[in-house]
Structures are given as C-alpha cells and as structure tokens.
Amino acid sequence: MPMEPPPRPSSSLFDVYLRLRPSKAGDRFLTVEDGEASHPTHITIKPPTDDKRKRAVERFAFTQVFEEEARQKELFKGIGVIPMIEGVLGAPGHHGRDGLLATLGVTGSGKSHTILGTKSQRGLTQMALDVLFQSTGEQLVQSFYGAPAFTSLAAADVSEAHIFTATAFLDSLYGDNQSEARFSRAQTPMADAWHSILQATFSTRASAAIHSIRPVNGALQSITRGVSNTGLPEKKDCSSFITNGGSRSNKIPRPSALPQSPSVHDIDLPIDETAEYAIVISMYEVYNDRIFDLLTGSATKSKHPNLKRRALLFKSTEQSPDRKVVAGLTKIICGSFEEALMVLETGLMERKVAGTGSNAVSSRSHGFFCVEVKKRDMQRKGPWSSSTLTIVDLAGSERARNAKTAGETLAEAGKINESLMYLGQCMQMQSDHQAGSRNVVPFRQCKLTELLFSNSFPSSNRTTHHHHPQKSIMVVTADPKGDFNATSQILRYSALAREVTVPRIPSTTSTHILATGPSKSTGTSSGRTTPSAIVEEMDAANAEIARLTAEVEIFALRLVEETARRKAAEASWRAAEDYMQDLEQEIRDECFADMESAVAAERRRWQSALDNEQDSQAQHLDSKIDVVIKATKAQMRDEIKVYEDPDPALRDRVDELERVNEVLMARLEAKEREGQLRSSSPVKKMRVLKAKKWEDPESGMGIGLED
Ligand SMILES: Nc1ncnc2c1ncn2[C@@H]1O[C@H](COP(=O)(O)OP(=O)(O)OP(=O)(O)O)[C@@H](O)[C@H]1O
C-alpha cells in the first residue's frame with residue numbers, strides 16, 4: 001500500500017526534516033526517493049547485504065529531505081526558521097509565539113554542523129540571531145549599565161533569573177580584573193549578593209551610562225589578543241568552540257573572526273513599528289538528566305569548571321504558577337548581534353564536551369540556547385510580553401558498544417540513549433496522533449522531553465499569555481553510509497510515517513518445480529500431485545514464510561528496542577547509584593560541616609563561659625585579698641606604737657609629780673600610823689610622834705611633842 005505524502009497538520013508537534021551529510025567511505029544503505037512533490041519527502045533504507053538478521057527494507061516519510069549537497073542557507077530557508085522567527089517577534093499588536101528548533105541524529109551525523117556551523121560557515125543559530133537583531137534594529141532597547149529598560153526587564157522576568165547586561169557580563173569575564181566583581185555564578189547563594197552589587201553598580205553608574213560601552217571594547221580587545229596568541233586548531237572543520245572544547249582554552253574567538261557567511265541580509269521581516277524590543281539570552285545543558293546553567297562563567301574564570309555545579313530546577317515559580325520554567329538561570333540582555341555571538345561562544349565553551357570513540361568532539365549533553373524576545377509598546381511603556389526561540393543541539397545517540405567509552409562516559413551514553421528513547425516515544429506518539437491515535441504524549445518521563453514538549457500543548461489557563469502552543473522544528477541528521485543500526489533506530493523514532501517492506505523471498509518455486517519435475521510425483525501435504533497443485537502449495541508456503549519472516553522481523557525490531565531499553569535502564573540505574581553516592585557524600589560533607597560548626601560554636605560558648613567564670617573567680621579572689629590586705633594593714637597600724645622621746649621639761653615635771661606623790665603617800669601612811677597610835681599606849685604614842693618628827697622632811701621642823 002503506498003504511503004501517503006506526509007501532511008503538515010497544524011496539530012503536529014514537530015515538523016521533521018531529514019538532512020543527509022556527505023560521507024566518504026562505506027556502502028550506502030539509504031536512498032532518497034524522487035517524489036511527485038517539488039522536493040523529496042521519502043527515503044528507503046536497505047540493510048547491508050551481509051545482514052544476518054535478514055531485516056526488512058524500511059521506508060520513511062519526512063516533511064522534507066535535504067540531500068548531501070544542501071547548503072546551510074538552503075536549509076535555513078527550507079525548514080521554516082524564518083516564519084518561526086516571525087512568530088517569535090509577534091504580529092503588530094500581538095504577543096509572539098514560542099519556537100523550538102532542534103537537531104537529532106547519531107553521533108557524528110552533523111547536528112552541531114547544522115545548528116552551530118563550522119569555522120567557515122554559520123549555523124542555523126547564528127543566522128537566526130542575525131535575522132532577529134537585523135529585524136529589531138533601531139527598535140532594540142539599549143543594553144549598557146543604567147539603560148532605562150534594565151529595571152523593568154529584570155522585574156518582568158518570571159524565572160528567578162539573575163539578569164545582567166551583556167556589557168557587564170562580558171566585561172566581568174574578559175575585561176579588566178576590577179570588573180570581575182560585577183559577575184558571579186547564577187546558582188550560588190552569592191549570586192543574589194552579586195546581583196544586588198550589579199544593580200547598585202547599575203544605579204550609581206546611571207549618569208555615566210553613555211561611557212559604559214567601553215568595557216566591552218576592552219573585552220573585545222583582550223579576546224582579540226587571546227585569540228591571536230592561541231590561534232585556532234586546524235584539525236577539524238567545525239565550530240570554533242568545538243575545536244577549543246577539548247583543550248578547554250578559556251578564550252573565545254573575536255566576533256570578526258567568526259564566519260560571516262551565509263549572509264542573511266536579503267531576509268527582511270515585517271516588524272511592529274510601535275513596539276520596542278529587548279533580546280535576552282540564556283543557555284543551559286541537560287547532562288545526566290539534570291539541568292546546568294552554561295553562563296556561570298566558570299569555564300573562563302575557574303580552573304575547575306565542572307567542580308560543584310549545581311543543578312537547576314524546571315518548575316513553576318511564584319510569578320509563573322501555571323507554566324514551568326528553568327529557575328535561577330543567568331540571563332544576558334544583548335544589545336547587538338556581536339554581543340549575542342560572544343555570549344553564545346561563552347556558553348558553548350562551558351558546555352561539557354568529552355571525546356568518545358565515535359567522534360572526537362562529540363557533544364555529551366543536550367545543549368539549549370534560548371533567545372527571549374521581549375516586546376512592549378514604545379510610547380506607553382506597558383508590561384513586557386515575552387516569547388522564546390529555543391535552539392537545541394541534542395547529544396548524539398550512540399550504541400555503547402560502538403562508542404569506545406568506559407566508566408562515566410558509558411553512563412553518560414546510557415543517559416543520553418535513555419533520554420533519546422523517551423524523545424523517540426514522544427515523537428512516535430506524534431506520528432500516531434496523525435494516524436488518529438488519541439494517546440497522550442508521555443513527555444514527563446525525563447528532563448529532556450519535559451523541556452522540549454511541555455510548551456507544545458495549548459495552555460488551559462486563559463490568564464496566561466501563552467495561548468499558542470510553541471512551533472517546533474526537528475532536523476534529523478543522518479550519514480547515508482554511517483552506522484546502519486543506529487541510523488535506522490533514529491529514523492524509526494523520528495519519521496512522520498514508516499512502512500516496512502518484507503524482503504522478497506527468492507523464487508524457490510520455479511527452481512523447486514524444475515528440480516523435482518512432475519515425473520517424480522512428489523506428494524504434497526494435501527496429497528495432490530499435479531504441477532498446478534504443487535505450485536499452489538509452494539505459493540502458500542512462500543506466503544507463510546513471508547508472513548513468518550515479517551513477524552520475525554518485527555520481533556527482531558522489538559528485541560533491539562527492548563535491548564536498548566534494558567541497557568538504558570541499566571545505565572540509568574548505574575547513574576542513579578552514582579548520583580546517590582554523590583548525594584550521600586554531599587550530605588555527609590554537609591553534616592560534617594554542620595557538626596563542625598556546631599562543635600566550634602559550642603566550644604566558643606564553653607570557652608567564653610569558662611573565661612567568665614575564671615574572671616569572676618579572679619575578681620572574688622582579688623576582693624578577698626584586698627580585704628585581707630586592709631585588715632592586715634589596720635592590725636599592723638594598731639600594733640605598732642610610736643615611742644617618741646618625751647619633752648625633757650615634761651619628764652622633769654613628771655618626776656617631780658612622782659616625788660610629790662611619794663611624799664604624799666608617805667604622809668598618808670604617817671597619818672594612818674598616827675591614828676593608830678592615838679588609840680594605843682602613851683609610850684607608843686610618844687614614840688610615833690618622835691618618829692614622825694624625824695620623818696617629815698617637808699616641814700623643815702620636826703613635829704615634836706611640844707607642838
Ligand atoms: N552537511 C555537512 N557538510 C559537511 N560536513 C559535515 C556535514 N555534516 C557534518 N559534517 C562534518 O562531520 C563531522 C561531525 O559533525 P558534527 O560534529 O556536526 O556531528 P554531531 O552530530 O554534532 O556529533 P555529536 O553528536 O557527537 O556532537 C564534522 O567534522 C562536520 O564538519
């Protein structure tokens with residue numbers, strides 16, 4: 001049954017284009033069919049002649065097939081990027097519509113070549129950027145420090161992003177050292193602090209805005225110097241970034257050294273004359289099912305660019321409750337095509353690239369390059385509306401056994417294959433959709449499909465500006481002489497339609513008939529022996545063989561898919577284990593750090609308590625010593641008598657008084673004796689009186705009886 005030419009229904013999630021790359025050696029297994037349409041839409045793949053599994057010939061349909069000789073510009077125009085950009089810019093007075101452009105293919109099939117270009121040819125990304133800047137031209141807001149639109153653009157962002165002007169961003173990475181302080185990683189907690197520093201810089205620099213373009217020139221000069229010193233490796237003809245990828249040089253090429261062709265000056269898009277535009281760029285990668293910012297500057301600033309990268313979340317935010325966004329990205333407001341190119345090269349440099357056996361510069365992650373086009377009324381300066389052109393360079397699918405990979409890279413390959421398998425399932429659903437199936441596209445199975453598909457469906461929330469689902473274009477790249485298994489698998493996933501042709505069974509009938517002949521009258525299962533009966537039986541047998549072969553073929557396909565799924569599951573299990581180990585280590589480190597800081601805090605508390613205690617004891621002791629000293633001093637004062645020589649006159653007087661005292665005492669005694677005598681005999685009395693007379697020295701005259 002002939003396959004219908006692939007329709008382009010508006011309900012289709014993706015338009016799928018196939019681009020074939022020129023290949024050097026090997027047997028060609030892929031044939032492009034000459035169709036009735038103006039351009040080819042169908043291809044056929046034939047298994048290699050030595051294929052032991054005797055697989056079927058398969059036929060695939062795409063929106064359009066571009067053959068080896070197709071140039072970059074032809075592709076750019078042919079796959080509908082221009083209407084997509086027009087949609088992103090939005091019709092006058094209307095919001096824009098999101099666009100998604102992705103490349104899918106086996107490793108080395110030309111995805112990066114197509115999307116990012118080569119050293120001499122621009123890719124779809126550069127051409128799309130050029131068209132955007134060229135179209136918005138004079139209506140683009142300025143992007144230097146203090147530009148009036150900066151604050152409103154930062155306020156309009158719903159994704160908790162860290163927004164910088166290209167001037168500040170590039171200056172911090174490539175300009176003078178002092179300016180480094182103006183930029184920091186988006187996902188570190190310090191980023192907020194840096195952000196406020198930047199904003200402070202922004203406000204304080206407002207008056208000097210017109211001069212602030214200088215740092216970019218400085219940056220450009222330093223880049224120019226860096227490039228002229230280093231030079232570009234000549235080994236492979238691919239993006240300047242990619243050639244640098246292996247060596248991790250932290251210099252990016254100067255814009256003028258980047259390819260200028262193909263030119264897009266002939267492309268003129270209608271623009272909303274009443275609107276002003278801003279172009280904001282962000283970049284991230286999905287690596288091992290986790291999202292990492294690519295504009296942290298770590299590739300250019302840090303010696304260990306991959307150390308402690310923090311994954312970002314794809315989630316609803318406070319300002320975007322009904323639509324998931326990658327939260328916390330670094331976003332750069334670009335004022336010119338050159339600035340955008342430098343930001344792109346900076347992000348590409350940061351993207352993880354690891355060499356594998358399949359392709360020395362193979363992309364190990366899915367790279368996302370997002371160009372947000374913001375638009376508002378030029379006069380009224382109302383709110384900004386926003387639509388995004390997302391360009392995705394998907395990691396190459398590969399078979400682990402083909403890629404001479406090991407350890408971490410093998411786990412990466414598993415994760416890549418797994419995410420591509422989910423992508424394949426979603427794309428398969430899309431072709432089933434077209435065939436009338438009402439199955440839901442299972443896009444929530446991994447980060448990649450979530451990021452690619454979640455904006456592909458109309459929003460149920462009427463308050464959101466995103467009524468239109470995004471327009472998506474997929475470019476599938478293939479090498480017609482490359483790996484048959486890997487390529488056929490990708491084609492099966494991505495084609496808009498597929499038809500399996502059972503290989504023709506060699507006509508054994510006639511040979512059999514000739515060999516056996518009627519005379520041998522070989523009996524058949526039905527017992528009929530006429531030649532026509534035998535031919536009929538043989539035809540029936542052949543039909544049965546064909547049916548069984550087709551079945552076997554289907555089972556073989558299922559087996560291949562199941563094996564891939566099992567391998568992907570195993571790889572994902574290993575990656576999960578690794579992740580768990582990392583997480584455990586991280587938690588241990590965090591706990592240890594917490595514990596250490598708690599112990600240190602406790603130690604400080606105890607030390608200060610001990611110090612206080614010692615202080616108060618010392619004070620107490622001091623006061624006691626004071627008391628003792630005072631008491632001792634007092635005591636000593638009491639005990640020590642000062643003997644002074646008495647006044648000689650006074651001493652004489654004292655002596656005199658003592659003598660008088662003695663005299664008086666003697667008189668007193670005498671009087672007493674006299675009193676006693678009066679009461680005794682007259683002889684005794686006489687004796688006393690006589691004695692007395694002689695004892696009184698004072699009177700000078702004796703007291704005698706005659707007195
Ligand atoms: N259409 C083409 N014309 C000329 N050369 C091409 C074309 N497509 C690819 N190549 C060349 O093939 C090589 C591999 O291509 P590329 O790096 O783009 O592959 P890839 O699919 O991006 O691989 P990976 O997935 O590993 O990143 C490059 O040297 C590239 O220049």
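Each value, and the rule that gives it
- Residues numbered from 1 in each chain as written.
- Predicted model: local features only at pLDDT ≥ 70, side-chain atom pairs only at ≥ 80, totals over all residues.
- Heavy atoms only, no water.
- Helix = DSSP H or I, 4+ residues; strand = E, 2+ residues; numbered from the N terminus.
- Buried < 20%, exposed > 50% of the residue type's maximum accessible area, 1.4 Å probe, protein only.
- Contact = heavy atoms within 4.5 Å.
- Areas by Shrake-Rupley, 256 points an atom, 1.4 Å probe, with all protein chains shown as cover.
- pLDDT = per-residue confidence, 0-100.
- Phe/Tyr/Trp six-rings, centres within 6.5 Å; stacked < 30°, edge-to-face > 60°.
- Pairing = 2+ DSSP bridges.
- UniProt positions renumbered as here; feature names shortened; annotations may be inferred.
- Polar contact = N/O pair within 3.5 Å; in protein donor to acceptor, adjacent residues only side chain to side chain.
- Patch = residues over 30% accessible without salt bridge, like charges linked within 9 Å, V, L, I, M, F, W, Y side chains within 5 Å.
- Salt bridge = Lys/Arg side-chain N within 4 Å of Asp/Glu carboxyl O.
- Lys, Arg positive; Asp, Glu negative; His and termini not counted.
- Charge placed at Lys NZ, Arg CZ, Asp CG, Glu CD.
- Arc of directions from axis to C-beta.
- Axes fitted to C-alpha atoms, helices over the stretch in contact; angles between N-to-C directions.
- Parallel < 35°, antiparallel > 145°, perpendicular 65-115°, else oblique.
- Left-handed = near helix turned anticlockwise from the far one by under 90°.
- Nonpolar A, V, L, I, M, F, W, Y, C, P; charged D, E, K, R; others polar.
- Core = buried A, V, L, I, M, F, W, Y, C linked by side-chain atoms within 4.5 Å.

## Overview of the overall build of the chain
Move 1: Looking only at helices and strands, one finds 18 helices and 16 strands in the chain.
Move 2: Going through the 707 residues of the chain one by one, you find that 46% of them count as buried.
Move 3: Look at the contacts in the chain between residues 6 or more apart in sequence, and 73% of them connect residues 24 or more apart.
Move 4: Of the roughly 37800 Å² of accessible surface on the chain, 55% is carried by carbon and sulfur atoms.

## Some thoughts on the environment of Gly26
Move 1: Here Gly26 lies in the loop between β1 (14-20) and β2 (30-32).
Move 2: For the pair Gly26 and Gly482, spaced 456 residues apart in sequence, the C-alpha to C-alpha distance is 7.4 Å.

## A look at the confidence of the model for the chain
Move 1: When the pLDDT values of the chain are averaged, the result is 74; 67% of them are 70 or greater.
Move 2: Low pLDDT, under 50, characterises residues 1-10; the stretch is placed with 24 contacts to residues that sit more than four places away or in other chains.
Move 3: Counting interchain partners and residues more than four positions distant, the pLDDT-below-50 stretch residues 177-249 has 130 contacts.

## Points about the packing of aromatic side chains
Move 1: Throughout the structure, instances matching the rule amount to 4 aromatic pairs.
Move 2: Geometrically, the ring pair formed by Phe14 and Phe453 is edge-to-face, given 5.4 Å between the ring centres and 75° between the ring planes. Taken as a pair, Phe14 in strand β1 and Phe453 in helix α13 (residues 447-453) lie far apart in primary sequence, 439 residues in all. Phe453 matches Phe14 in its accessibility class, with the two residues each being buried.
Move 3: When the centroid spacing of 6.2 Å and the interplanar angle of 50° are considered together, the rings of Tyr17 and Phe66 count as tilted. Note that Tyr17 is positioned in strand β1 and Phe66 in strand β5 (residues 64-66), a separation of 49 residues in sequence.

## Quick look at the environment of Val371
Move 1: Mapping Val371 onto the fold places it in strand β13 (residues 366-377).
Move 2: When its relative accessible area of 1% is taken as the criterion, Val371 is described as buried.
Move 3: It is 9.6 Å that separates the C-alpha atoms of Val371 and Val88, two residues lying 283 residues apart in sequence.

## Focus: the pairing of strand β6 (residues 99-105)
Move 1: Burial within β6 is extensive, with 7 of its 7 residues counted as buried.
Move 2: Where burial is concerned, the two faces of β6 agree: the one with Gly99, Leu101, Thr103 and Gly105 and the one with Leu100, Ala102 and Leu104 are both buried.
Move 3: Pairing between β6 and strand β14 (residues 385-393): 5 bridges, direction parallel. Along β14, the bridge assignment pairs Ala102 with Val392.

## Quick look at helix α6 (residues 166-174)
Move 1: The buried count for α6 comes to 9 of 9 residues, which makes it a mostly enclosed element.
Move 2: Of all the residues in α6, the buried ones are Ala166, Thr167, Ala168, Phe169, Leu170, Asp171, Ser172, Leu173 and Tyr174.

## So, the UniProt feature "binding site: ATP" (unreviewed entry) in the chain
Move 1: Under the feature "binding site: ATP" (unreviewed entry), the UniProt entry names Gly105, Val106, Thr107, Gly108, Ser109, Gly110, Lys111 and Ser112.
Move 2: Examined against the element boundaries, Gly105 turns out to sit in strand β6.
Move 3: When you line up the elements, Ser109 lands in the loop between β6 and α3 (111-116).
Move 4: Taking relative accessible area as the criterion, Ser109 reaches 3% and is therefore assigned buried.
Move 5: With sequence-adjacent residues up to four places away left out, Ser109 is seen in contact with Arg21, Thr477, Ala478 and Asp479.
Move 6: Within the structure, the side chain of Ser109 is placed 2.6 Å from the backbone oxygen of Val106, a separation counted as a polar contact.

## A word on a negative patch on the surface
Move 1: A grouping of Glu577, Asp578, Asp582, Glu586, Asp589, Glu590 and Asp594 is seen on the molecular surface, where their side chains present a negatively charged patch.
Move 2: Within the secondary structure, Glu590 is located in helix α16 (residues 531-639).

## A short note on helix α2 (residues 81-89)
Move 1: For α2, the full list of buried residues reads Val81, Ile82, Met84, Ile85, Val88 and Leu89. What you see down the axis of α2 is that its buried residues fit within an arc of 160°, all on one side.
Move 2: Of the residues flanking the end of α2, it is Gly90, one or two places downstream, whose phi is positive at about 85°.

## Quick notes on a nonpolar patch on the surface
Move 1: Residues Leu621, Ile625 and Ile629 make up a contiguous nonpolar surface patch of roughly 260 Å² in combined accessible area.
Move 2: Considering the arrangement of structural elements, one finds Leu621 in helix α16.

## Here's the deal with the packing of helix α4 (residues 124-136) against helix α11 (residues 337-350)
Move 1: α11 packs onto α4 with a crossing angle of 150° between their chain directions and a minimal axis gap of 10 Å. The angle between α4 and α11 falls in the class roughly antiparallel. Helix-helix and strand crossings are classified by hand; for α4 and α11 the assignment is right-handed. Residues Thr125, Gln126, Leu129, Asp130 and Phe133 of α4 touch α11, and the partners they reach there are Phe337, Ala340, Leu341 and Leu344.
Move 2: Taken together, the residues of the contact of α4 with α11 sort by class into 6 nonpolar, 2 polar and 1 charged.

## Some details on unusual backbone geometry
Move 1: A cis amide bond links Ser261 with the next residue in sequence, Pro262, at an omega value of 0°.
Move 2: Positive phi, close to 55°, is recorded for Glu160, a residue that is not glycine.
Move 3: When its relative accessible area of 39% is taken as the criterion, Glu160 is described as partly exposed.

## Here's the deal with the nonpolar core
Move 1: Ranked by internal contacts, the top residues of the largest apolar core, which has 58 residues, are Phe76, Ile79, Ile85, Leu101 and Leu389.
Move 2: Take this core: its biggest share by element is 8 residues, from α11.
Move 3: Dropping the residues within four chain positions of it, Ile85 is found in contact with Phe76, Ala128, Val131, Leu132, Leu269 and Leu389.

## Here's the deal with the side chain of Gln64
Move 1: Relative to the assigned elements, Gln64 resides in strand β5.
Move 2: Discounting residues that sit within four places of it in the chain, Gln64 has contacts with Val16, Tyr17, Leu18, His39, Pro40, Thr41 and Gly78.

## Some points on the pattern of salt bridges
Move 1: Evaluated as defined, the whole model comprises 22 salt bridges.
Move 2: Of the charged contacts in the structure, one is a salt bridge between Asp98 and Arg323, with a shortest N-O distance of 2.5 Å. Residue Asp98 is located in the loop between α2 and β6, and its partner Arg323 is located in the loop between β10 (313-315) and β11 (325-327); the two are separated by 225 residues in the primary sequence.
Move 3: For Arg323, a relative accessible area of 19% translates into the label buried.
Move 4: A salt bridge links Arg565 to Glu562; its shortest N-O distance comes to 3.9 Å. Placement of the pair is Arg565 and Glu562 together in helix α16, with a separation of 3 residues, close to one helical turn.
Move 5: We classify Glu562 as partly exposed; its relative accessible area is 45%.

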